[in-house]
Amino acid sequence: FKTVPTDSTGVAHILEHTVLCGSRNFSVRDPFFSMLKRSLSTFMNAFTASDWTMYPFSTQNRKDFYNLMDVYLDSVFYPDIKELSFKQEGHRLEIENNEPSHLVYKGVVYNEMKGAMSSPDEVMAHALLNKLYPDTTYSNNSGGDPAVIPSLSYAQLKAFHKRHYHPSTAFFYTYGNLPLIDHLSFIQSKILKDFTKINPETDVPPQSRWDKPQKTTYSYPVDQNEDLTKKYQICIAWLTADIKDSFEVLVLTLLEQILLGNSASPLRKALVDSNLGTDLSDGTGYDSNNKDTMFVCGLKGVEKSVSGKIESIIFNVLNELATKGIDNKLIESAIHQIEFQRREITNSPYPYGLRLLLIFSGNWLHGGKPERVLQFNADLDRLRDELSKGSLFENRIKKYFINNSHRVLLTLAPDRIMEEKEKKRVAGELEIIMTGLTQSEIEKINKDTEALKKLQEAKEDVSCLPTLEIEDIQPSVKIIHESKTYCTSGIASCYNQPTYGIFYFSAAAGAGALQNQMLDLVPFFCFAFSRTGTKSRKYTELARIIDAYTGGIGLSASARTSFEGTGSAPCIPFITFNGKCLIRNQDRMFEIIKELLYEFDFSDLDRLKTLLFEYKAKMESMIIHNGHGLAMSLASRNFSTTCALNETWHGIHQLQTIKKITDNLANDKLESVSDNLSSIGKNLLCSNNFKIALIGEDHALSNASSYAASIQQKLDERSLSAKPANGFISPAIYPDDKIIREGWSTYSAVSFVARAFKTVRMEHEDAPALSIISKMLRSLYLHREIREKGGAYGGFSTYNLENGIFCFCSYRDPHIVSTLKVYDDSMMFIKSGDYSEEDIKEAILQICSEIDKPDSPGIAAKKAFYRKLLSLSDDARNRFKTNLLSLKRNQIIKIAEKYFNREEKKQAVAVISSEDKLKEANQKLKKNPLKLFRI
């Protein structure tokens, strides 16, 4: 739907939540989350953007497809929109502990947006929209500003639905191999026959253009103890082409790639090499999602005083390119990158069909022709023609950047007292409200609180909702077979997959034999490896050829647990080396891979310093977005070597490692890092420690086998001199045997609360039941107690089949102590047996939807290769699924009694929150407080 809010109350976002709380034909409290349990969906969600709201789902089952479509259509066109649902999902007043002085705001969206606006990148995104589009819907925060959300009324919410959720402003999209005529008939019979056309007046006008550029400053909150010196972000943002002009959008997309796409791109290089900041600013790049599209570039981690220098750097580069011309190699490389992205089929981060929709949906919603966006080759032909006439991109640089007066120089400034000021503002606002309340209004608040609690706790009959049965589940797992045709010598694992003209190279190098002081640096080694240049090329030249001939080459670190044997499970740490290319560039990609493997070089200390700060900035930016994952990693880290290494490599401890390195980063420290990175490379990249997978179609695999043989031959030569050990072994890491109970402080208006304990792994007979319990706890208990009652954005439990760790966690949670109490109570619930065989069936459906979730051909083969490394057989996977499908309620209760108790001494806790919230929580946890640390 086109949704165009006129304020920052979050009306579109709150409506997105509220319509999924019951409808005409499915009048249950939460049909969305109920259908997550009753289907084999491979994706279900709802999105609110600046000017649209979307309700996407996907499944591989025809019956399921129409079940989900039925519920979604009824939910959005005929929702109940009950006032209590609005209060739960949007905002409400509550008087806690029956004390009038404890008047508080609650609500899922209210707390979600408090969490979102704790993040600098979210603040930057809204600041750019607010400033660049002052006269249109984009100036508002469509998600909702926590300071404004409480002003939204129930009547306004219903009026917004009446106007915006009508077929006259609706767009329908399907992707897949089911007949379109059946979909159209279903939509017509269920919905469209009941409506007549209206004019909803949801068209977004173009933003009127400024006569002269502007400057502005917005603030974002930081921790009270933060050093503000280099915490500013400074960028320039321009309003550019109309979204409906697909050719101009393509040109600007290519300009983004030319100017910013890799470390050799002229604008990125000039900004980063200035050493004024740590990384490109949040929001940098071309945004083609709004009626008038937007281009942004700048730096983060800068001092306030360098605003003019950054502006000069940007315009010096643009003027030089416009005057002297752009290197044709940069243009061809950019075209290649766009061609590759359009050709590759991937389900990340969304199912491929949904990714296609997101490419053209903005154009479509604003009256453009979506098919034109997909007809990439036609625009490419026009582009080639325009390029032959000369100066295409140079002229666009002049038009959209140099001579464009609708631009802003924006500073994002840190503010230590912003949170405190907001707390005082909210407290004052609530005090005024409380003072003005009549006795009858107080009684109404208490009555609504009690009514909502009863609604949330009431057992519902959800039989009106459609469901699948166990019989609808495929009994076996999908198996990707390795082909023995291509590499008969066993040099590589080969997978013949329909990859649509793309070839994938994947390799793994064991890291278990590295000395412990080297292990900490492995993730940064992976980050820097293809970004520092080689003995033959500078990093700029390397970046250009990688972009010109591949879809990307990169490394990543992975700590996994082997399934081999029946004794203690060894940690298998390894780095993965991945590359992909169009088949026509296969030989060039292998040349680049060989150069990287044999000639890697970390001697450019200036470049190394830049990368360290860039890596640190990326680590810091993940804290608020991935707080739940980081909290679970902290809590789990002493349960096994694998857990400990995952925290060392991907958790808060990795950030602390990099912070320690970057503090007072003198040349002697840089030289030491350089030497260590070189040692890591020499130890990892050798023949007896390097396993290769080749993935593609027949012709590509036939060619690739000889390249794989030559790689191994060269690695053999290195091995003769280095005599390295096999690294596919458990590292010499011995986790502390103490149970974690910690609080980690950072700036955050909300909390992430994790509890973890050890159970058994996938091969154990209890594993299927533990998987079911994790789903049941979330859907039957944690969702209600933590999200609906507590107002957190999410509460869930996970069971990791590979390492046997069971976790509870909350996301963007206003509470800490009460959430820990919920975890205690959930254990009592799961042992009580207060659930049915139907609940167990629904949990089985959820697990099987994850097991059977489709992967793109390349990813499916990579996963098969990694399973081979870990000795996880297809028989074991099938056995797990078979046992899962046969489980009954009495077995679940028995397993719950075995593993779920409230012994704190065996259960680890980690909380990420603000310092004030952690100290407040410890006042209530006096008998067993959290040990506090600073992130």
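Up top you'll find the structure we're talking about.
This one's a predicted model, so the numbers in the text were calculated from it and none came from an experiment.

## What about the overall build of the protein chain?
Step number 1: Check the secondary structure of the protein chain and you find 35 helices and 23 strands.
Step number 2: In terms of overall size, the protein chain behaves like a compact globule, its C-alpha atoms giving a radius of gyration of 28 Å where 935 residues would be expected to give roughly 30 Å.
Step number 3: Overall, the protein chain is about 80 × 75 × 60 Å in size when its C-alpha atoms are taken along their principal axes.
Step number 4: When contacts within the protein chain are restricted to residue pairs at least 6 apart in sequence, those whose partners lie at least 24 apart make up 82%.

## Observations regarding the side chain of serine 118
Step number 1: Mapped onto the elements, serine 118 comes out in the loop between α5 (108–116) and α6 (120–132).
Step number 2: A relative accessible area of 2% places serine 118 in the buried class.
Step number 3: If sequence neighbours within four positions are ignored, serine 118 has contacts with Pro221, Ile624, Tyr747, Ser748 and Ala749.

## As for the sheet that holds strand β13 (residues 492–496)
Step number 1: Taken in spatial order, the five strands make up an open sheet running β13-β17-β14-β16-β15, and their pairing is mixed. Strands at the two margins of the open sheet, each flanked by one partner only, are β13 and β15 (552–561). Within this sheet the neighbouring strands show an average axis-to-axis angle of 20 degrees, counted without direction.
Step number 2: Pairing geometry for β13 and strand β17 (residues 690–696), over five bridges, is parallel. Counterpart to alanine 492 in the pairing with β17 is isoleucine 692.
Step number 3: Contacting β14 (502–510) and β16 (571–582), helix α12 (residues 328–343) runs over the sheet at an angle of about 110 degrees to β16.

## Details of the pattern of salt bridges
Step number 1: Per the stated rule, a full pass over the model turns up 59 salt bridges.
Step number 2: Between glutamate 226 and lysine 231 there is a salt bridge, and its shortest N-O distance comes to 3.7 Å.
Step number 3: Of the residues examined, glutamate 226 reaches a relative accessible area of 25% and is grouped as partly exposed.
Step number 4: A relative accessible area of 22% means that lysine 231 is categorised as partly exposed.
Step number 5: Arginine 425 is the partner of glutamate 429 in a salt bridge, and the nearest nitrogen-oxygen pair spans 2.9 Å. Of this pair, glutamate 429 and arginine 425 both sit in helix α17 (residues 418–436), four residues apart, roughly one helical turn.
Step number 6: On the basis of relative accessible area, glutamate 429 is assigned to the partly exposed category, the value being 25%.
Step number 7: In this structure arginine 425 comes out as partly exposed when scored by relative accessible area, which is 28%.
Step number 8: A cluster of three or more residues bridged by salt bridges with shared partners is formed by Lys37, Arg38, Glu469, Glu838, Lys841 and Glu842.

## A closer look at the side chain of threonine 641
Step number 1: Among the structural elements, threonine 641 can be located in helix α25 (residues 641–650).
Step number 2: What makes threonine 641 buried here is its relative accessible area of 17%.
Step number 3: Aside from chain neighbours lying at most four places away, what touches threonine 641 is Cys571, Ser730, Pro731, Ile733 and Pro735.

## Concerning α12
Step number 1: With 16 residues, α12 should cover 22 Å at 1.5 Å per step; its first-to-last C-alpha distance of 23 Å lies within 8% of that length.
Step number 2: By the burial criterion, the buried members of α12 are Leu330, Ile331, Ser333, Ala334, Ile335, His336, Gln337, Ile338, Glu339 and Phe340.

## Comments concerning the packing of aromatic side chains
Step number 1: Considering all chains together, one arrives at 56 aromatic pairs under this definition.
Step number 2: Aromatic pair phenylalanine 525 and phenylalanine 602: ring centres 5.7 Å apart, planes at 45 degrees, arrangement tilted. Within this pair, whereas phenylalanine 525 is found in helix α20 (residues 522–529), its partner phenylalanine 602 is found in the loop between α22 (586–599) and α23 (605–625), the two being separated by 77 residues in sequence. In this structure, phenylalanine 525 and phenylalanine 602 share a single accessibility class: buried.
Step number 3: Its end group placed over the ring of tyrosine 500, arginine 343 keeps NZ or CZ at 5.2 Å from the ring centre.

## Thoughts on the nonpolar core
Step number 1: Counting 92 residues, the largest nonpolar core has Phe505, Phe524 and Leu694 as its most contacted members.
Step number 2: Listed in part, the 74 residues of the second largest apolar core include Phe563, Val753, Phe806 and Leu870.

## Observations concerning the environment of serine 562
Step number 1: Tracing the chain through its elements places serine 562 in the loop between β15 and β16.
Step number 2: The class for serine 562 is buried, based on a relative accessible area of 4%.
Step number 3: If we skip the residues at most four places from it in the chain, serine 562 touches Ala569, Pro570, Ile572, Arg761, Leu870 and Ser871.
Step number 4: Within the structure, the side chain of serine 562 is placed 3.0 Å from the backbone nitrogen of glutamate 564, a separation counted as a polar contact.

## Re α23
Step number 1: Helix length check: α23 (21 residues) gives 31 Å between terminal C-alpha atoms against 30 Å at 1.5 Å per residue, within 8%.
Step number 2: Where α23 begins, one side-chain oxygen reaches toward the backbone nitrogen of aspartate 606, 3.3 Å away; that side chain belongs to aspartate 604.

## Some thoughts on the packing of helix α9 (residues 246–260) against helix α10 (residues 266–273)
Step number 1: For the pair α9 and α10, interaxial distance at closest approach is 4 Å and the crossing angle is 40 degrees. Relative to α10, the element α9 lies oblique. Counting all contacts with α9, which are made through Ile258, Leu259 and Leu260, the residues of α10 involved are Pro266, Leu267 and Arg268.

## What about the sheet that holds strand β21 (residues 805–811)?
Strand pairing in a sheet relies on backbone hydrogen bonds. The paired strands run either parallel or antiparallel.
Step number 1: Read across the sheet, six strands follow the order β20-β21-β19-β22-β18-β23 without closing on themselves; strand pairing throughout is mixed. Every interior strand has two partners, whereas the edge strands, β20 (794–799) and β23 (931–934), have only one. Going across the sheet, the axis of each strand differs from the next one's by a mean of 15 degrees, ignoring polarity.
Step number 2: Note: strand β18 (residues 741–745) against β23, four bridges, orientation parallel. Of the residues in β23, the one forming a bridge with glycine 743 is leucine 932.

## Points about a nonpolar patch on the surface
Step number 1: Where nonpolar side chains cluster on the molecular surface, the patch consists of Leu180, Ile181 and Leu184 and spans about 300 Å² of accessible area.
Step number 2: Looking at the secondary structure, you find leucine 184 in helix α8 (residues 180–190).
Step number 3: By relative accessible area, which is 46% here, leucine 184 ends up partly exposed.

## A closer look at the packing of α23 against helix α26 (residues 652–662)
Relative placement of two packed helices is described by the angle separating their axes and the distance separating the axes.
Step number 1: Across the interface, α23 lies against α26 with an axial gap of 10 Å and an inter-helix angle of 145 degrees. Along this stretch, α23 crosses α26, giving a crossing that reads as left-handed. Residues Leu612, Phe613, Tyr615, Lys616, Met619, Glu620 and Ile623 of α23 lie in contact with α26, whose contacting residues are Gln654, Leu655, Ile658, Lys659, Ile661 and Thr662.
Step number 2: Here the contact of α23 with α26 is built from residues that sort into eight nonpolar, two polar and three charged.

## Describing the environment of lysine 898
Step number 1: Tracing the backbone shows lysine 898 in helix α34 (residues 889–899).
Step number 2: A distance of 2.8 Å separates the side chain of lysine 898 from the side chain of aspartate 766, its partner in a polar contact.

## Points about unusual backbone geometry
Step number 1: Across the junction of serine 348 and proline 349, the peptide omega takes the value 0 degrees, indicating a cis bond.
Step number 2: Considering the arrangement of structural elements, one finds proline 349 in the loop between α12 and α13 (352–365).
Step number 3: Its identity as a non-glycine residue notwithstanding, asparagine 275 has a phi of 60 degrees, on the positive side.
Step number 4: Position of asparagine 275 among the secondary structure elements: in the loop between α10 and β9 (279–280).
Step number 5: Taking relative accessible area as the criterion, asparagine 275 reaches 52% and is therefore assigned exposed.

## What to know about the state of the cysteines
Step number 1: Applying the stated criterion to the full structure yields zero disulfides.
Step number 2: No disulfide involves cysteine 21; its sulfur sits 14 Å from that of cysteine 464, the nearest cysteine.

## Thoughts on the environment of glycine 743
Step number 1: With respect to the element layout, glycine 743 can be found in strand β18.
Step number 2: We classify glycine 743 as buried; its relative accessible area is 0%.
Step number 3: It is 9.0 Å that separates the C-alpha atoms of glycine 743 and lysine 919, two residues lying 176 residues apart in sequence.
Step number 4: Setting aside residues up to four positions removed in sequence, glycine 743 forms contacts with Val911, Leu918, Leu930, Lys931, Leu932 and Phe933.

Definitions and cut-offs
- Residues numbered from 1 in each chain as written.
- Predicted model: local features only at pLDDT ≥ 70, side-chain atom pairs only at ≥ 80, totals over all residues.
- Heavy atoms only, no water.
- Helix = DSSP H or I, 4+ residues; strand = E, 2+ residues; numbered from the N terminus.
- Rg over C-alpha atoms; globule rule 2.2 N^0.38 Å.
- Contact = heavy atoms within 4.5 Å.
- Buried < 20%, exposed > 50% of the residue type's maximum accessible area, 1.4 Å probe, protein only.
- Pairing = 2+ DSSP bridges.
- Axes fitted to C-alpha atoms, helices over the stretch in contact; angles between N-to-C directions.
- Salt bridge = Lys/Arg side-chain N within 4 Å of Asp/Glu carboxyl O.
- Expected span 1.5 Å × (residues − 1).
- Phe/Tyr/Trp six-rings, centres within 6.5 Å; stacked < 30°, edge-to-face > 60°.
- Lys NZ or Arg CZ within 6 Å of the ring centre and 35° of its normal.
- Core = buried A, V, L, I, M, F, W, Y, C linked by side-chain atoms within 4.5 Å.
- Polar contact = N/O pair within 3.5 Å; in protein donor to acceptor, adjacent residues only side chain to side chain.
- Parallel < 35°, antiparallel > 145°, perpendicular 65-115°, else oblique.
- Patch = residues over 30% accessible without salt bridge, like charges linked within 9 Å, V, L, I, M, F, W, Y side chains within 5 Å.
- Areas by Shrake-Rupley, 256 points an atom, 1.4 Å probe, with all protein chains shown as cover.
- Left-handed = near helix turned anticlockwise from the far one by under 90°.
- Nonpolar A, V, L, I, M, F, W, Y, C, P; charged D, E, K, R; others polar.
- Disulfide = S-S within 2.5 Å.

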